[in-house]
Each structure stands twice: as structure tokens, then as C-alpha cells.
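Fold and contact review
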Amino acid sequence: MKTLPGIVGIGASAGGLDALDKFLSHTPPDTGLAWIVVQHMDPTKKAMLPELLQRTTSMKVRQAKQGMPIYANQVYVIAPNTELRVQNGLLKQTKPQEPRGMRLPINILFKSLAAELGETAIGVILSGMGSDGTLGLQAIYAAGGLTAVQHPESAQFNSMPVAAIAEDCVDIIASAAELPARILSVLAQVPQLRVTSAKQHSTETLPCPTMVSDNALQQIISGLQRHNRHDFSLYKTSTLQRRIERRMAIHALDSMQQYADFLRDNPQENELLFKELLIGVTQFFRDTEVWDYLANHALPSLLERQNGNSELRAWSIGCSTGEEAYSLAIVFCLLQQSQPEFKKFSLKIFASDLNPDAITRARRGQYSLTICEHISAQRLKQFFIRHDSYYQISQHIRDMVLFAQHDVILDPPFTRQDFIICRNLLIYFDAKLQHRLMPLLHYSLCRNGILLLGSSETIGRFDDLFVPLQSKMRFYQRQEPVVNNSRNLPVHSFPPLSTLAKEHPVATNKTLSVPSDNLQTAADRVLLQVYAPPAVVVNGDGDIVYISGRTGKYLEPAAGKANWNFHAMVCEGLRAPLAMALQQVATKQTEKKAEPLQLYRLPLTTGDNSQLVDVTVQLLREPATLNGMTMIVFRDVPHNDLLTPAAGSDASVAAMQQQYLAEIQTLREETRTSKEELQSSNEELQSTNEELQSTNEELTTSKEEMQSMNEELQTINTELQTKLDDLALAQSDLQNTLNSVEIAILFLDQHLNVRRYTDRAAKIINLRESDLGRPLSDLTSCLQYPTLHEDAQETLRTLKFCEKQIPTNDERWFSVRIMPYRTLDNMIDGVVITLVDISATKKLEAALREKSEH
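The sections below set out a description of the structure shown in this document. Note that the coordinates shown come from a computational prediction; the quantities given were computed from them, not determined experimentally.

What to know about the sheet that holds strand E28 (residues 802-807)
Spatially, 5 strands are ordered E27-E26-E30-E29-E28 in an open sheet, and the strand pairing comes out antiparallel. With one partner strand each, in any of the chains shown, strand E27 (754-757) and E28 form the two edges of the open sheet. Strand-to-strand, the axes of this sheet are offset by a mean angle of 20°, without reference to chain direction. Inspection of the sheet shows strand E26 (residues 744-748) paired to E27 by 3 bridges, in the antiparallel sense. Along E27, the bridge assignment pairs leucine 746 with tyrosine 757.

As C-alpha cells, this is what we get:
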């Protein structure tokens, strides 16, 4: 089993070279970690990044290659035009699939680290444009790894750091120079992050025994329960400890007891820890094959089994920021488009989560531009609205989902569901809590309802409650269980009713009613009960406070939570006219005497029967207890009166009715005309909108391509600037070398023009700075060498050395050597003339000759 060092993935883009220099220059060379750098680069140019980074660190910097093993205390740099992953403990390179300008190599590296290393993965985002790296950092954060980002104020380009911070998945924010020390500080607190065994990282790895304190852990759990009401005691202990240790490391605390004390003294830390424990990482259409099976098999079969029920109900548990719930809505709409026989159905999705911030974001329905990685361009165009910096979910999709903050452990469940999604939630619960929740999910589902779990979750021993539909993808169907008295049914999962606070009955007026045998009173009571029309009394808010007679034909309870509001209970045919009548009566509150408002022959449909109803709306003044309330009286119109004017009406009333009917007809015609005009205008606007949207998409694509090219040019510009600095330094070194030697040197180009010379050459040949580029034939010197120009031409032609001893006008001698000038790629690009002073040698030679003659 191969043991890997701890691996730190570093992502950078525009302005990243400077940030990488600062980061690596402050990184100790003996950390025991491996560092993998992904920088956006021009795919057509040779990379100079390894050479440039090698100057800032004593660690070995290598360009990544296919299958290269990973060693500690080394830096690996991505090669141009490749995507880099860590797989089976080795570096894996592949060619990019996306076109240039749409590639996100930082996300690819970070996701591979999350999959390969789990909680030991470390991701760092430095300066850059765009949002590459954000999704990868989310994956590392979800796996329990460590995430760090350069502080936006210290970044040359802050788009990438800002995008990551906005997703609330960052543990450390600091300048590039401070990040290494902050990361190493966390590793010192949680040493198991340093080393992992390839493909053997376990979600059940226990922390150091010295750091574990059951008492301290219980204090922390209790504090969270007091602060947020949620009970974490049935979560997996290892999961809790890892998340708590991350917070301990950030605050540089050595023991869990210290953190428990810190938590008690800093209430705001409770909220941060609460969010840390709620792992809210999700994405649209996660695990594509699962959604394909849902769209092609599970959902169609579920709709085909619906007997007379046209509304489906679904529940997304632990919905986080809503991507999964919206994915289900989109799949349902696409299914209706592809199979028109399902258009008669509707879908209502209940999406719940414990995190209020996540629910708020889900309700907003705004997502970063990076979702294009998981959603096709066609679906983006159909179900999203593109803005400058985000996508907005379409309103018709938004209307299908109802978001609610809900604790699946403590709160009553949503019932009568046809489909439940509960993915990657049970893995954080211990066996006891899972044993409680499975019957709860069974209870919440309708007959033959479908349950979808995460890839690492199963129904366990509850095969009597669910039957597998597709085991590999975790689709299960509800089945009726065999009666088992030992089963912990949902009713036992919640506190029994006897333990709950009961509502005390409202105190009633204990004034004794005096019995009366008065004949008139008894007769009135009988008349009211038998012959009086049905009526209700409502208050100013429309809530029913009194009901007389049988009103079931006109009123019915609204679905859902009990609601005694008149507008919610009144039948559909009566709702609109009665709402207008109540509003009209309410305007007469200030009048001393308000006449009743009569509504004649209102249509009422009950089941298969239809009839007409006369309604009287009366504002009440007396007695005082009813002052300001309104009475609504219902009277059925007999069938034999349908062809006659309403009872009690006269010719004026009939004329008025005819006038009203004529006005209604006129209004209908005007409305129809206006509707046609609006429809025509809407079609024109829609056409214009589509054209603008198409243009906007083209501009967006061009903008992204230009942004990518700009990042590449920025990187190339930085590299070239560094190269220019190197060349200037090399030129300075060369100049000092030439001036320090005792040899006069003259460099000429292919046309024998002056290219460079040393100070000693200027003393022999009359040269100054303005002579650069001047032909050799134009120069004067103290040399008695009239054929210097011809010899230089001959050397350039034949490539043969030429060496002569030449006297000067001031009785000095020089050895003049002419040779070809060769470039590094062995090309002839001029000649080099060297002049060595041999005057002393000549004098000695003359003295020896003279001595020998004597």
C-alpha cells in the first residue's frame, strides 16, 4: 500500500506568478508536504514557470508528467495544454476536452484531491480572474479537507478568491506570504492531515487520543443544542470530532476542553461551528446516471401508477442551497415535454434543510456562472436567466418548489409524499438515528412511493419496508410491511403527546344561564334552527367567528394547516364576488347606517350539481359585541324561480340587471381586444428578447474567451518580464566580464558594423557609444593595419581564423585575431576581433636578437 505525503493543491491565474513567488518563498523546504501548482497558461507556448519558481524556493520544482510519483518536499507544476489529476497516488495528465477559454483545470485538480485524499486534501486559491477553483474547493471542503484563499485585498486580481469566499467554503483567508504558516499551524493541530494511504483514507479515522474528551464533546453538543435546538448527539462521533478539530486548529487551541470553554465564552462561535457541522455541498444533477434513470424509468412508472391523482408530491431532505430540488423540477418539466401524456400532472416539491442561510439562498434561486459545468447549454437557456455574474432560476421552476427550514430529527415529517430524495445525509448519522429515520421515511411516503438515497447509503435491515428498484443507484420503493410490534414506528420517534405542553381551555363566562320556559323564546329558537338561512359572521380580517345553520355547501376547509379565514374556505364560484362585496361593505364603516348589499343568482357548483345562490352581506352595528363585524347570509334560488326575476325585485331591478349584463359584455369584449393586443406585443417582445439573448450568449462566450486569453497573456507578460530582467542581468555580467579582462575585443555583425566593444578596444580603435552600428571601414585607429577590413571580410566568407602581429603609431605591438561569431544554435552572425598587447614580448624578442648578433 503506497503511502502518500500530504498534498497541497495550489490554483492561480492572472497575477498568480507574483503570488506563487511570495507563497513558496515563505514555505519551509522540509514540511513533509508535496505541492502541486496549476496556473492558467497559454497552451501553445513552452512553459517557463518551473524555472521561474525554482528561483524562489530550495525545494525541487518539476514539471508534471504522466504517471509521475509524488514525493514530499517537491513542487509539481502543470504542463501547458493539459489537465492534471492525482489518481492512485500518481500524477495523471489528460488533454483538455473543453475549448480554449472554457477550461477549468484548477477545479479538476481539486476534485481529484478530494476524491483521492478525502479529509487530508488541502486546496489553496491565489490571485486570478474568473471563478475557476471554487467548485473544487467546495469538494475539498465537503470531504473534510482544509481550504485556504489569498485575501482579495492582497491579490493582484481578486475574482477567484472572491468567488470562493462567496460560497462559504473557506477555512483560511490570508495574504500569499502568510498562507504557508497558517496552513502549517493547522497541520500542527491536526497531524493526521499530513499523511494518508492512497485509496485508504477512512471517514472513520479517529483523532489523537489526547485530543478526545467525551466530557468536552458533550459540553459542545449541549451548547449547540441550547443555541440551535438541534441535537448532534446521534451524529457519528468521528465526524463531529473532525469538524470540531478544524475549528480548534483555526483558533490555535490544543484541546477539546479549551474549545468547549472558548465556545462558552464566544456565543458567535456556536453559529460558525453549527455551519461547519452542516455539510451543505451539492450541485445540479450530481451523479448524472441517477438523474437519467429517474427521468427514463422511475418517474414515468410513478406517474403511470397514479389513479385519479394529478398532483405529485416530493420531498427533498437536506436540500442545502436547492440545486437538487430544482434538478428534480427540471427533470419533471423535460419529461412532460418529451411525453405529452404526462402534461396533466403537476409536481409540488417540499425542500427542507436545517441551515437557514442555505434555505435563504435556495429561495433566491441565484447560482454562480460555474454551474455551466453540470448543466447543458440547452437546459441553461430553457430553465435559467443569465445575468452578468450569476444565473437566475426561471420563475415557473421556482414556483414548483416550497423551501422550509426543517429538522428531520425533531420536527414532524411532510407526509403523503410520492417521492423522497434523501441523499448523503444518513452517512453522517449513527446506526441508532438511521434506525429511527427509516420508518419515518416509510411513513412519509404514499403507497408505492419511491425513496432515493445517496451512493454510500442503503436501507439496511429495513427490507420489509422497502424493495429495491435499482440497487446500484439506490432507488427503493415503499411496500406495506408485515405487522411487527417490535418495530420502532414513527409515532415512537417523537415525544409522546402526553409529554407535550397542552393548551389550557379558554376560561368561559361562568354566569349561570337562567332557564326559561317562555313560549316565544322556545319558538324563536326552533325557527332559527329549522327555517333560518345558513349564515356566517366574520371579523375585519375575514376570519369566521360564528356559523349558523348548514354552511357546508358554501364553505369547505382549506387543505393544509387549519385555516378559518372566510376567503380560504368559501367555494370557488362565490369567492370573487363575495371578496368584492366584503371590500365594498368595508368602505361603509364610517356610515351611521349601512344598507345590506344584495348579490343575486351567483353560480355555485357542488360535485356534479350546479345551482344559483342569493347572498346578503350586512355590516353589523348592534349589539356592541358584533360592532364592525359582517354577516353573510346564503339563500338557494329554487329551480322554478330561475326563469323569473329574483324574489322581492321589481322592474327597476330587472332593468338594472340587464344594464349590468350589457356592461359585462362590453367589458368582456374590451378585455378580449386588450388581451389580443397584449399577446401580439408579448410575441414581439419575446422575439426581440430571444434575439437579445442570443446576442448576449455570443457576447458572453466571446467575453469568456477574451478573459481566458487575457489571463494567458498576463502570465506570458509576467514570464517575459522576468526573462527580460534575467537578460539585463546577464548583459550586465557580460559587460563587467569584458571590461575586467586585459584584452581589447570588438564585435562586428554580418555587415561588419560595430555591435559591441570593450573599454580597452576603444583606446586602440577610436570608438565611442555613438559608433554602435557604424561600419568598420569608417573607423580610424593607431594600428598600422590597412587590410583590417579585407581580412575581416575574408574570415566572414571562409570562416577561417586570421591572426597577425600589427605595430601601432606609438611603437606598440598587438596580436590581432579575427574569428567568426557563432550563436548558440551554431549560426554565423558576424566576426570577433581580439587585440592582445604584445609590446613587451616584441621588446624582449628584439633585445635577444640584438644580443645574439653581438
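Thoughts on the packing of aromatic side chains
The description of an aromatic ring pair rests on the distance of the ring centres and on the angle between the ring planes. Per the stated rule, a full pass over the model turns up 14 aromatic pairs. For the ring pair tryptophan 315 and phenylalanine 414, a centre distance of 5.2 Å and an interplane angle of 70° mean the geometry is edge-to-face. Here tryptophan 315, found in strand E11 (residues 311-317), pairs with phenylalanine 414, found in the loop between strand E16 (401-405) and strand E17 (417-422); they are 99 residues apart in sequence, far enough to count as distant. Residue tryptophan 315 is classed as buried on the basis of its relative accessible area of 1%. Geometrically, the ring pair formed by phenylalanine 384 and tyrosine 391 is edge-to-face, given 6.2 Å between the ring centres and 75° between the ring planes. The same class applies to phenylalanine 384 and to tyrosine 391, which are both buried. An aromatic cluster of three or more residues is present, and its members are Phe284, Tyr326, Tyr367, Phe384, Tyr391 and Phe403. The aromatic ring of tyrosine 821 is capped on one face by arginine 755, whose charged end is 5.0 Å from the ring centroid. The positively charged end of lysine 842 is found above the aromatic ring belonging to tryptophan 813, 4.5 Å away from the centroid.

What to know about the nonpolar core
Within the largest apolar cluster, 62 residues are counted, with the highest numbers of intra-cluster contacts made by Ile10, Ile36, Leu91, Val124, Leu126 and Ile183. In this structure, Val331, Phe332, Ala351 and Ile393 belong to the second largest nonpolar core, which totals 47 residues.

What to know about helix H3 (residues 105-117)
For H3, which comprises 13 residues, the first-to-last C-alpha distance of 18 Å matches the rise-based estimate of 18 Å (1.5 Å per residue) to within 8%. Most of H3 sits inside the fold, with 11 of its 13 residues counted as buried. For H3, the set of buried residues is Pro105, Ile106, Asn107, Ile108, Leu109, Phe110, Ser112, Leu113, Ala114, Glu116 and Leu117. Just beyond H3, the residue with positive phi is glycine 118, at close to 65°.

Parameters and conventions
Residues numbered from 1 in each chain as written. Predicted model: local features only at pLDDT ≥ 70, side-chain atom pairs only at ≥ 80, totals over all residues. Heavy atoms only, no water. Pairing = 2+ DSSP bridges. Helix = DSSP H or I, 4+ residues; strand = E, 2+ residues; numbered from the N terminus. Axes fitted to C-alpha atoms, helices over the stretch in contact; angles between N-to-C directions. Phe/Tyr/Trp six-rings, centres within 6.5 Å; stacked < 30°, edge-to-face > 60°. Buried < 20%, exposed > 50% of the residue type's maximum accessible area, 1.4 Å probe, protein only. Lys NZ or Arg CZ within 6 Å of the ring centre and 35° of its normal. Core = buried A, V, L, I, M, F, W, Y, C linked by side-chain atoms within 4.5 Å. Expected span 1.5 Å × (residues − 1).

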